[in-house]
Structures are given as C-alpha cells and as structure tokens.
Amino acid sequence: MKDIGILNDVTDISEIKRAILIKVAKYSYEGTILSHYESIPFELTNRLTPVFRCCVYKERTIFADRVRMGMGRLPIDERHENNDPAQIVYVIPPACEGCPIERFTVTNNCHSCLAQKCVKACRFGAITKTPHGAYIDSTKCKECGACMKACPYNAIVDTERPCKKSCPVSAIEIAETNNLAVINEEKCINCGRCVVACPFGAIADVSQLSAVIAEILDPEVEIIAMVAPSVEGQYGPYSVKSLKAGIKDLGFDDCYEVSLGGDITAYREAEEVLERVAQGKKTTTSCCPAFFNLIDKHYPTIKDKVSTTVSPMVGTARYIKETHPNAKIVFVGPCIAKKNEVKSRYPKEIDYCLTFEEMGAMIYTKEIDFAKYEPEEEVASYYGKAFAKSGGVAAAVVQVCKEKNMEPPVAVLCNGVDECKKNLMTLKINRFQGDILEGMVCDGGCINGPGKARPLMELKRDYEKLLKATKNVEVIKTCDDTGISNVNMHRPGTHHA
C-alpha cells in the first residue's frame, strides 16, 4: 500500500491537501485511522524546521484540522458547535493568515503628482497628500474604488482578500475580534470557489473519505460507486470503460456512469420544459447544486421556475436502488456543492459523496493503474456525457426534442456564476428572453469543479478527445434500452413526482 513522507518541497497548497488525504486513505484502508490520525501531522512535518509556516507547531495544528476534515469532522473551533449539518465549506482558523484588512493601498508607483486626482475623487476625505505620496486613512475609507480609478499611474491597488473576492454571494465576512475569515452559512451556497481561491488553503470542505473506506472494509455492506460525467480525463487519458473496472478494485462492488442519469434527466427535463413553454412559463435547470442553492437562498421569488427534474446523480441513484435496494451509494465527482445536495436534500437516497480529488487519494494508496484494465461496456450517450461541460444540459434537452420531432426550446446558457446572476435577475424582473436557462456556477461547467483531480487544461484535453470518440448519440433509445426510463425523475413534493 503506497504511502507518502515528509513534505520538504511544498510548492502548492494542493500538494498539502493531497498528502493528508493520502494519509487518511492509507490508515483508513488499514483500519487504523482512529489510532493514527493524531500522528499524521508529525509524519508529514520535520521535527524542528518549518517548511511553509512560521513554525512546525503551527504547521502541525493546521494539518491536524485538515486530518479531522478528512475524517468527516470539523476544525476544532467553538464557532461550529451549532452549525448546519449540511454545511460543507469551513474556515480553518489557524491556517487563515488574516490578510490585509485595508482593501485599497497606495504603492510605490505614486509620484505625489500635482493633479491630486485621487484626493479629489474621494468623497469621504480619506486620502491626503504627504511628501512620500498619497495616504489612505482606513478609518474613513468606504472602499468605493474611486481613487483607484482616478489615479493616472495605477498607483492604488485593490487588495481585497482572495476569499472575499471569489465569493459570488458575499458569504465571506471578517471577524472584528481577530480579522479572520468567517463563512455566513445563511448566504453560503457551498460552491467551493473560496476553497480554490485562498492562497493559504485556509478554507476547506469536509470529506467522507474515511467513512466510505470503512464501508468498503465491511464485508456485510454492498457499496456502489457512481461517477460523474466529468470522470473522463480526471485520471489520465482513460475512457469511462477502463475507469469503471479500476474503481471497482478500490473495493466497490460495482461502478455506474452518472452520464446515464444525464440521459434520463435530459429526457424528462425536455418533457417538462415543453409543457411549460405551452403554458407560457420559463424554466431553469436544476443539475448544478450551487446554482440551485443560489436561487434558493438569493432569488427565492423565482424558485417556482426551477425544473422539478432531479439531477443526474439522483436519477442514477434511484436507478441503482431498483436492483440493489440495500446498497450504500457513493457519488464521485468534481463538485463540492454535491456534498451539500446529498446531505440537505437526498440523505435517504445517497449515502456518501466524494470529490475526484478524494478518490485520487484512494487510487494512489491502492496503486491503481487504469492502463492495465480491460474496458467494460459503456452505456451512456454522447449527450449524457456532455453534461460535464457548459452548454451540455441544454444541448441534451434540444437533442431529445429533435428525437421526438418537436420544436426545441430556446436555451440560454450561463457559463459561470456571473452569467448566472445576470440572467437570474432578468428572470426575476420578467425580462428573460429564452425558454430554458441552463445554469452552471463553475466556469466551463462541472469539468472545472473545485474537486477535480488534475489541472483543467490537462483533463479538458483528454475529456474532449474521449467525448468525441463516443458513438452513441441517441438519448431516448439509451434510456429505453437500459430501463432507466422507468425511474421517477422528479423531486418529492412536486406535481410531477
């Protein structure tokens, strides 16, 4: 069983996270995680010499919190005593560097010019001229940015915290007592953008890695993995046919393609959209959980426009349960918000959720080489697999309409959270021009999710190549031939359910 040693040459925060996940996976597979988790921080750090923090004691404290999160626990912090159990993203307090509070800063580029455009632009008297250049009084500054725009030398820079800047819903706040980042759970949509944005890795998602491996080790448990459409490219140039065989060697009893769930989602969503078009109503997709949360928490007046069709993940789980009613089901994908979707909306249908990054630790530990596996049967269509990229859901819905010889709806695509917010606002004020709004919070779609296992350019190259090689282009026939057409694809409590 492959292990990892002291982190002497850390160049990226992702290396630290990966190393800790590998340690958690290793001891979980050995069945000794409860007796070893406290030693992991010592195994990964030098005895006396720090590598990336001020001292080894701080490094070990941060590692200890990350290990806890890898075991499904929360960072040691009293603030989380009354947290929402479905909240996935948390700040690791000792890792938060307390970035500069003053958002706008005058740099050495300031020439102390005579025009004093920055001083004149400020309506709050926050800027004064000194012999050494302009000075911003943070107690008066309202962070409007007028001074920065006015400076002819670009000498004033915006140093807003990366985590705050990345959050599309202003859920990152700063504690007045210690200047550390705090997540407002009532606003947070668990998209994971802050997890990726923080340069110190001070924000992380809770993992179920250890719990999944514990289920794998239990001989009485049937445990089945289902992998997201974006799985191709995550672990190299291997098709889902080879990946399924290798994933079963991690200890899973079987592995299903969620792309097949994409096919049935497109089938049922097309029917729902056409029904709404006939009634003069608009529809948004519901596949992206961060997009769903965005509407639920920040655009509640248009919740009635969200499709009642469940996501491909849920559809696939229901399909599996028809033949494996007692199985434990694990969804694996690039999405952190999926963990929230499972815990908050479908805890009785899906048992666990892992990211591709977390499964990567299992693959490393068990030394899985996908190149050696004989390909298994591939069941999903091209369109089900294309759910992984921006525009894929809408394209699949349009394809279903063509197969039914019906006029396809007018689709508007939202590639990234900024476009989502813009189009949701038009929907809110009844200015939306299309029939269906496809929303994906991650730029480029699910393939660029925060839990991906490889850099985007590398995995996208392999993903696109493998997608193009898919020969099955019939959505409805795929659903009928596999029997997934019989699955109820609507959310509980909706009129379609």
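Residues numbered from 1 in each chain as written. Predicted model: local features only at pLDDT ≥ 70, side-chain atom pairs only at ≥ 80, totals over all residues. Heavy atoms only, no water.

Draft legend 1. How the structure looks around the overall build of the chain. Summing up its helical and strand segments, the chain has 20 helices and 15 strands in all. In terms of overall dimensions, the chain has a C-alpha envelope of 80 × 60 × 40 Å along the principal axes. Within the chain, residue pairs in contact and separated by at least 24 positions form 73% of the contacts whose partners lie at least 6 positions apart. Total accessible area computed for the chain in this model is approximately 22000 Å², and 50% of it derives from carbon and sulfur atoms. (Helix = DSSP H or I, 4+ residues; strand = E, 2+ residues; numbered from the N terminus. Contact = heavy atoms within 4.5 Å. Areas by Shrake-Rupley, 256 points an atom, 1.4 Å probe, with all protein chains shown as cover.)

Draft legend 2. Seen up close, the pairing of strand β15 (residues 436-440). Here β15 lies mainly inside the structure; five of its five residues are buried. Both faces of β15 are covered, namely the face carrying Ile436, Glu438 and Met440 and the face carrying Leu437 and Gly439. Taken together, the two bridges between strand β11 (residues 283-284) and β15 define a ladder with parallel strand orientation. Within β15, the position partnered with Thr284 by the bridge is Leu437. Across five bridges, strand β14 (residues 411-415) lies against β15 in parallel orientation. Looking at the pairing, Val412 lines up with Leu437 of β15. (Buried < 20%, exposed > 50% of the residue type's maximum accessible area, 1.4 Å probe, protein only. Pairing = 2+ DSSP bridges.)

Draft legend 3. Molecular detail of the pattern of salt bridges. In total, this model carries 26 salt bridges according to the counting rule given. Note that Glu232 and Lys385 form a salt bridge whose closest N and O atoms lie 3.1 Å from each other. Placement of Glu232 in the loop between β9 (223-227) and α10 (240-248) and of Lys385 in helix α16 (residues 382-385) is noted, with a sequence separation of 153 residues between them. Under the relative-accessibility criterion, Lys385 is labelled buried at 2%. Measuring nitrogen to oxygen at the nearest pair gives 2.6 Å for the salt bridge that ties Lys477 to Asp481. Linking Lys477 with Asp481, this pair stays in helix α20 (residues 475-482), spanning four residues, or about one helical turn. Of the residues examined, Lys477 reaches a relative accessible area of 44% and is grouped as partly exposed. (Salt bridge = Lys/Arg side-chain N within 4 Å of Asp/Glu carboxyl O.)

Draft legend 4. The arrangement of the nonpolar core in detail. Formed by 87 residues in total, the largest nonpolar core has its most connected members in Met226, Ile247, Leu250, Phe252 and Met362. The leading source of residues in this core is helix α1 (residues 13-30), at nine residues. If near-sequence neighbours (up to four positions away) are discounted, Met362 is found in contact with Ala25, Tyr29, Leu209, Ile213, Ile216, Leu250, Phe252 and Leu354. Formed by 48 residues, the second largest nonpolar core is a distinct cluster that contains Phe291, Phe292, Tyr299 and Cys335. (Core = buried A, V, L, I, M, F, W, Y, C linked by side-chain atoms within 4.5 Å.)

Draft legend 5. Geometry of the sheet that holds β11. Taking strand neighbours across the sheet as the criterion, the three strands line up as β11-β15-β14 in an open arrangement whose pairing is parallel. The sheet is open, and its two borders are formed by β11 and β14, each paired with just one other strand.

Draft legend 6. Geometry of α1. Between its first and last C-alpha, α1 extends 26 Å over 18 residues, near the 26 Å set by a 1.5 Å rise per residue. By the criterion of burial, α1 is predominantly enclosed, with 13 of the 18 residues buried. Phi for Gly31, located one or two positions after α1, is positive at around 75°. (Expected span 1.5 Å × (residues − 1).)

Draft legend 7. Broad picture of unusual backbone geometry. In this structure, Asn154 is a non-glycine residue whose phi angle is positive, near 50°. Phi is positive for Glu367, which is not a glycine, with a value near 55°. With respect to the helices and strands, the residue Glu367 is situated in the loop between α15 (356-365) and α16.

Draft legend 8. Focus on the packing of aromatic side chains. Under the counting rule described, the total for this entry stands at six aromatic pairs. Seen in terms of ring centroids, Tyr256 and Tyr319 are 6.3 Å apart; in terms of plane orientation they differ by 85°. Their pairing is edge-to-face. With Tyr256 in strand β10 (residues 254-257) and Tyr319 in helix α13 (residues 312-323), this pair connects stretches of sequence that are 63 residues apart. For Tyr256, a relative accessible area of 17% corresponds to the buried category. Here the basic side chain of Arg345 rests over the ring of Phe292, its NZ or CZ set 3.7 Å away from the ring centre. (Phe/Tyr/Trp six-rings, centres within 6.5 Å; stacked < 30°, edge-to-face > 60°. Lys NZ or Arg CZ within 6 Å of the ring centre and 35° of its normal.)

Draft legend 9. Examining the sheet that holds strand β13 (residues 352-355) more closely. Read from one edge of the open sheet, four strands run β10-β9-β12-β13, paired in parallel fashion. For this open sheet the edge positions go to β10 and β13, each flanked by a neighbour on one side alone. For this sheet, the mean inter-axis angle between neighbouring strands, taken without regard to orientation, is 25°. Where strand β12 (residues 328-333) meets β13, four bridges bridge the pair, whose relative direction is parallel. Paired with Val330 across the strands is Tyr352, a residue of β13. On top of the sheet, helix α9 (residues 209-217) reaches β9, β12 and β13; it is set at about 120° to β13, its chief contact. (Axes fitted to C-alpha atoms, helices over the stretch in contact; angles between N-to-C directions.)

Draft legend 10. Expanded view of the layout of surface pockets. Estimates place the volume of the largest pocket at around 1100 Å³. Ser14, Glu357, Lys452, Ala453 and Arg454 are the residues nearest the centre of the largest pocket, which is lined by 47 residues in total. Looking at the lining of the largest pocket, the elements with two or more residues in it are α1, α8 (193-197), β8 (203-205) and α15. Ranked by the residues each element gives to the lining of the largest pocket, the list is headed by α1, at six residues. (1 Å grid on protein atoms, 1.4 Å probe; cavity = no way out; pocket = protein on both sides within 12 Å on 5 of 7 lines; lining within 4 Å. Points joined across faces, edges and corners; volume = space filled by probe spheres on them.)

Draft legend 11. Quick peek at the state of the cysteines. Under the counting rule described, the total for this entry stands at zero disulfides. Between Cys54, a cysteine without a disulfide, and Cys55, which holds the nearest cysteine sulfur, the sulfur-to-sulfur distance is 3.9 Å. Judged by its relative accessible area of 62%, Cys54 is exposed. Lacking any disulfide linkage, Cys141 is separated from the closest cysteine sulfur, that of Cys147, by 6.3 Å. Overall, the relative accessible area of 22% leaves Cys141 in the partly exposed class. (Disulfide = S-S within 2.5 Å.)

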